[in-house]
Amino acid sequence: MKNILTIALVSVMLYSCGNNEREESMEKTEECLEDKYDDGDGASKYKTIDEAITAYDFEGARSLLACYEDQEWLDGSRYTGASGGSETNEHAKRLEKIVTAEVTHYMKNGEEALAKAAAQESNLNIIYSQALPALVNSLIDKGDIEKALSILSKYTFASALPPNVFSADDEIKDAYNDEANLFNDMVNSLFNYALLEKDQAILQKCLLLYVQNISGYESDRDYNTKNTAKAKLKEAGIVL
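Residues numbered from 1 in each chain as written. Predicted model: local features only at pLDDT ≥ 70, side-chain atom pairs only at ≥ 80, totals over all residues. Heavy atoms only, no water.

**Looking at the side chain of glutamate 90**
If you trace the backbone, glutamate 90 turns up in helix α5 (residues 90–108). At 3.2 Å, the side chain of glutamate 90 and the side chain of arginine 22 are in polar contact. Within the local environment of glutamate 90, its side chain forms a polar contact with the side chain of lysine 93, the two groups lying 3.3 Å apart. Other than its neighbours up to four places away in sequence, glutamate 90 contacts Arg22, Met26 and Tyr68. (Helix = DSSP H or I, 4+ residues; strand = E, 2+ residues; numbered from the N terminus. Polar contact = N/O pair within 3.5 Å; in protein donor to acceptor, adjacent residues only side chain to side chain. Contact = heavy atoms within 4.5 Å.)

If you want it as structure tokens, here you go:
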């Protein structure tokens, strides 16, 4: 009986200690943030990452980010079964917030290359990809067609087209399809502008940019891509 009680007590103590790991980590984070700020006399001008982001000081925001442990948590204990990006990783969540602010800021100021670099540096290309359609549409509205065309022609896919569509995993196909549709939508915006302007040179370049989107059925491989664009050209009486 005594042994059972001892085992139970040790188990409770171990659980209690493990359950405090996340709390201890956050306490260290708070101490680190306070040391960096030190009532305004420290290395950081800001108390929080949000303050640095508001001031567009992304380098300062990343300096504060270093105070956060890049760690997944499960029931208050360190979890090594996954890494980065989950709701339990405070470092990953704040990094995504910083990169989103960076990309939005650079895109707004027409600095697409800096936006792309900021996302790539943190391995968060998805943030750049999601912000890109707004920039492309803005360039088209301004009549800066060549720049929009240049950005699309240099686009790098994060998801590769499966070599064998029919045997590929559904998750792989879906990831590719989502990105292909996003890209084709941007090309469509440029194509439709060129169609209205009857700009044959841009129309021809758009036809070269379209990529396949797939569903696993051969008949669907060109859906809403090059064949649809060619049908629009035929309807408009434009021969390239």
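**Here's the deal with the packing of aromatic side chains**
Each aromatic ring pair is characterised by the separation of its centres together with the angle its planes make. Considering all chains together, one arrives at 7 aromatic pairs under this definition. Ring geometry for tyrosine 56 and phenylalanine 58: centres 6.4 Å apart, planes at 70 degrees, overall edge-to-face. With relative accessibility at 53%, the residue tyrosine 56 sits in the exposed group. Pairwise contacts between aromatic rings join Tyr155, Phe157, Tyr176 and Phe183 into one cluster. (Phe/Tyr/Trp six-rings, centres within 6.5 Å; stacked < 30°, edge-to-face > 60°. Buried < 20%, exposed > 50% of the residue type's maximum accessible area, 1.4 Å probe, protein only.)

**Description of helix α6 (residues 112–121)**
Buried within α6 are the following residues: Glu112, Ala115, Lys116, Ala118 and Ala119. For α6, the buried positions fall inside an angular range of 160 degrees around the axis, keeping them on one side. When the buried face of α6 is taken as reference, the exposed residues oriented beyond 90 degrees from it are Ala113 and Glu121. For α6, the secondary structure elements touched by its buried residues are α4 (58–65), α5, α7 (125–142) and α8 (145–153). Count one or two residues on from α6 and you reach asparagine 123, which has phi positive near 60 degrees. (Arc of directions from axis to C-beta.)

Purely geometric numbers; function is a separate question.
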